[in-house]
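Structural characterization, general
One letter stands for each residue in the lines below.
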Amino acid sequence: MQISQVKALSTKLNWRFSLFNIVLLIGLIIWLWQETKPVSVIQPQLSADGKLQCVSYSPYYHPGQTPLNQNSFIEPAQIDHDLAVLSKQFNCVRVYSVSQGLGYVPEAASKLGMQVYLGAWIGWVGVNNDKELDLAISIANKYPKTVKALIVGNEVLLRGEQSEAAMQGYLLKAQQLTEVPVTYADVWEFWRKHPKLESNVDFVTVHVLPYWEDDPQPISQANQHVLNVMSLLKETFQKPILIGETGWPSIGRQRQVSEPSLINQATYLRGFLQLAHDNGWQYNLIEAIDQPWKRDLEGTVGGYWGIYDTALTPKFAFAGDIQPRNDVGMIVLAGLLGFALFLGLVFYFQLGLGYVTLGLSAAGTVFGISVWLQTQYLLSACRNILEWTTLGGLALAGWVMVIGLVLWVCQTNKRYLLILKTCALILVCAAISATVLLIVDGRYRDFPISLFALPVLQLSFASIFLGLDIKPQRVLAHVLCVALVVTTLCSIYLEAHNITAYYWLVLCGLFVVALWPKHQTSTHSSL
């Protein structure tokens, strides 16, 4: 189809569009360069064989596997395979239950010379608890050289599922019927609330998780926090202390000053290992393998505490520099595909001006990279069909909006304007909804910055500097803008120390500027 050459915008506006996208591309390249640059992290002193003491092992990392489904059974072959991998890095594994096939773990571990902290899961139902504990005791008695200790209950008091007296009964039963050491595991604050339990255990097992503290810790203070907690616990208890859980997530939402990332995970774990070496601590890290099912309970972050990903690939080594990202090839490919797509528009519309071509090429490269980053976010965050539909649909609306804006730049056609107005309305409603959810149920929800960043930046720039009018009717625009401002400020109030909340505030502020009606009547048609 032959298209006559079109000068969509004035030369001045075309220059603005081109320059903006070039600057955007340069900024993105600088950010990605920082994200992919190897980082030097403390290298801890390890044992002579280079192995770590112990790690929490949950085999529920394949699609459909979850401990929440009692019919989910883990085959012995998978456990054998998993422990063969983990035995190269760890001398011990901790399991939280003996149900669903996990009773086989001590047998598998004994073949590899590993030891096991064997867990008996204690919940609400007494009959189930008795059955679980009886099986755990029999397994511990069968493999006394492999089972380092029997851990009766995990954070039961924290969840409020049993009383202190009931836990004392379960612990007494275990001590009477097995010769292996017996303990109970809970967060360190609840051990301090229930110090009498010390008399019922051979050693105290505490969980110290700086990310999940009521006062979340920054990565710079996380290991000092553990040191402070351990000093306090040593003043409280006389018996030996096992740090039964400690770790840091590699992906997920920031909690105040606690930020998940691969570098922070490596920084925390390496620093902790050095502290453990210096202080002679006994420890168990959480956790061996990423657990996708935990996202249903704890949001995105719950699925990414693993030292290994779900392909059983280590996320980082415990020596040498750390590479924050390993997808440089895909980033370059995505950028080239976006570049080719938008360059095709140049030829389609026969835009002969060099700077327009340069601007569209930059916009295409940014678009392609953004699509890749958004896809990575969707893969980590979406847990079910509903979330794939809503978040995936939101990402699609953003893509359509960016492409629609480029088409409008190439040829200021009313149909492109209608597309932009529709997408803007969808995005602002989605932003308000997301912010409301962050306010009422924000503990396990992410700030969806990656889905909004590019469309909002492009839309606000076009509105402010290119004269693009995507404003809805005046009353509707006021209602939407006020709602977005109020909800965003509320989210800031709740997370005043979370830098991600301020990034979200900036994006929402740009959106409001783009949508806020002018004082005088607009000459453009409105939706």
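Residues numbered from 1 in each chain as written. Predicted model: local features only at pLDDT ≥ 70, side-chain atom pairs only at ≥ 80, totals over all residues. Heavy atoms only, no water.

What to know about the packing of aromatic side chains
Rule in force here: Two rings belonging to Phe, Tyr or Trp (six-membered ring only in the last case) form a pair when the distance between their centres is within 6.5 Å. Interplanar angles under 30 degrees mark stacking, angles over 60 mark edge-to-face geometry, and anything in between is tilted. By definition, any uninterrupted DSSP run of H or I lasting at least four residues is a helix, any uninterrupted run of E lasting at least two residues is a strand, and each is numbered from the N terminus. Residue exposure (1.4 Å probe, protein chains only): buried if accessible area is under 20% of the type maximum, exposed if over 50%, otherwise partly exposed. Placement of a charge over a ring requires the Lys NZ or Arg CZ to be within 6 Å of the ring centre, with the centre-to-atom vector within 35 degrees of the ring normal.
Within the structure shown, the criterion is met by 16 aromatic pairs. For the pair tryptophan 191 and phenylalanine 237, a centre-to-centre distance of 5.6 Å together with 85 degrees between the ring planes defines the contact as edge-to-face. Taken together, the residues tryptophan 191 in helix H7 (residues 188-193) and phenylalanine 237 in the loop between helix H8 (219-236) and strand E7 (241-245) connect sequence positions 46 residues apart. Assigned by exposure class, tryptophan 191 and phenylalanine 237 land together as buried. Aromatic ring contacts, followed pair by pair, group Tyr211, Trp212, Trp248, Tyr268, Phe272, Trp281, Tyr283, Trp305 and Tyr444 into a single cluster. Above the face of the phenylalanine 190 ring, lysine 193 is positioned so that its terminal group lies 4.4 Å from the ring centre. Above the face of the tyrosine 211 ring, arginine 255 is positioned so that its terminal group lies 5.8 Å from the ring centre.

Considering the sheet that holds E7
What counts here: For two strands to be treated as a pair, DSSP must find no fewer than two bridges joining them. Residue contacts are counted whenever heavy atoms from the two residues lie within 4.5 Å of one another. Every axis in this analysis is a line fitted to C-alpha atoms, fitted for helices over the stretch in contact. Angles between the N-to-C directions lie between 0 and 180 degrees.
Read across the sheet, 8 strands follow the order E1-E2-E3-E4-E5-E6-E7-E8 without closing on themselves; strand pairing throughout is parallel. A strand with exactly one partner marks an edge of an open sheet, and here the two such strands are strand E1 (55-56) and strand E8 (282-283). Pairing analysis gives 3 bridges linking strand E5 (residues 182-187) to strand E6 (residues 204-207), with the strands arranged parallel. Paired with valine 187 across the strands is histidine 207, a residue of E6. Across the face of the sheet, H8 comes into contact with E6 and E7 while running at roughly 140 degrees to E7.

A few points about the nonpolar core
This is how it is decided: Among buried residues, the Ala, Val, Leu, Ile, Met, Phe, Trp, Tyr and Cys ones that are joined through side-chain atoms within 4.5 Å form a nonpolar core.
One finds Leu83, Leu118, Phe272 and Leu285 to be the most contacted residues of the largest nonpolar core, which totals 89 residues. Counting residues per element, this core draws most heavily on helix H9 (residues 262-279), at 9 residues.

With respect to the environment of glutamate 35
Tracing the backbone through its elements, the reader meets glutamate 35 in helix H1 (residues 11-36). When neighbours within four sequence positions are excluded, glutamate 35 is seen to be in contact with Pro324 and Arg325.

As for the pattern of salt bridges
Rules: When a carboxyl oxygen of Asp or Glu is within 4 Å of a side-chain nitrogen of Lys or Arg, the pair counts as a salt bridge.
Per the stated rule, a full pass over the model turns up 8 salt bridges. The partner of arginine 383 in a salt bridge is glutamate 387, with the nearest N and O atoms 2.5 Å apart. You can call arginine 383 partly exposed: its relative accessible area is 28%.

A look at unusual backbone geometry
Put simply, isoleucine 286 and glutamate 287 share a cis peptide bond, and its omega is 0 degrees. Mapped onto the elements, glutamate 287 comes out in the loop between E8 and helix H10 (295-298). Of note, the phi angle at glutamine 100 is positive, near 55 degrees, even though the residue is not glycine. With respect to the element layout, glutamine 100 can be found in the loop between strand E2 (92-94) and helix H3 (105-112). Positioned with a positive phi, leucine 312 is a non-glycine residue whose angle comes to about 60 degrees. Classification of leucine 312 as buried rests on a relative accessible area of 12%.

Examining the packing of H8 against H9
Between two packed helices, both the angle of their axes relative to each other and the distance between the axes serve to describe the pair. Spelled out, the test is: In what follows, roughly perpendicular refers to angles from 65 to 115 degrees, roughly parallel to angles under 35, roughly antiparallel to angles over 145, and oblique to any angle outside these ranges. Crossing handedness: left-handed means the near helix sits turned counterclockwise from the far one by under a right angle, and right-handed means the same turn made clockwise.
Two elements in contact, H8 and H9, have axes whose closest approach is 10 Å; the angle formed by their N-to-C orientations is 30 degrees. Between H8 and H9, the angle falls in the class roughly parallel. Judged by the sense of rotation from one axis to the other, the crossing of H8 with H9 is right-handed. Residues Ile219, Ala222, Asn223, Val226 and Leu227 of H8 form the contact with H9, whose own contacting residues are Asn264, Thr267, Tyr268, Gly271, Phe272, Leu275 and Asn279.

A look at the pairing of E6
On a regular strand, each side chain points to the face opposite its neighbour's, so the side chains alternate between the two faces of the sheet. For the record, the criterion: Crossover handedness is defined by viewing with both strands directed away from the observer: a clockwise path from the first strand over the helix to the second marks the crossover as right-handed.
On E6, burial covers both faces: Val204 and Val206 on one face and Thr205 and His207 on the other are all buried. For the segment spanning E5, H7 and E6, crossover handedness is right-handed. Relative to E7, E6 runs parallel, the two being bridged by 4 bridges. Note that in E7 the partner of valine 204 across the bridge is isoleucine 241. Crossover E6 to E7 through H8 is right-handed.

Remarks on a nonpolar patch on the surface
The cut-off we apply is this: Any residue with relative accessible area above 30% and no salt bridge may belong to a patch, with like charges joined within 9 Å and the nonpolar Val, Leu, Ile, Met, Phe, Trp and Tyr side chains within 5 Å. In short, Shrake-Rupley with a 1.4 Å probe defines the accessible areas, and a residue's cover is counted only from the protein chains shown.
Together, Trp124, Val125 and Val127 give the surface a local cluster of nonpolar side chains, amounting to about 360 Å² of exposed area. Note that valine 127 resides in helix H4 (residues 126-142). Of the residues examined, valine 127 reaches a relative accessible area of 64% and is grouped as exposed.

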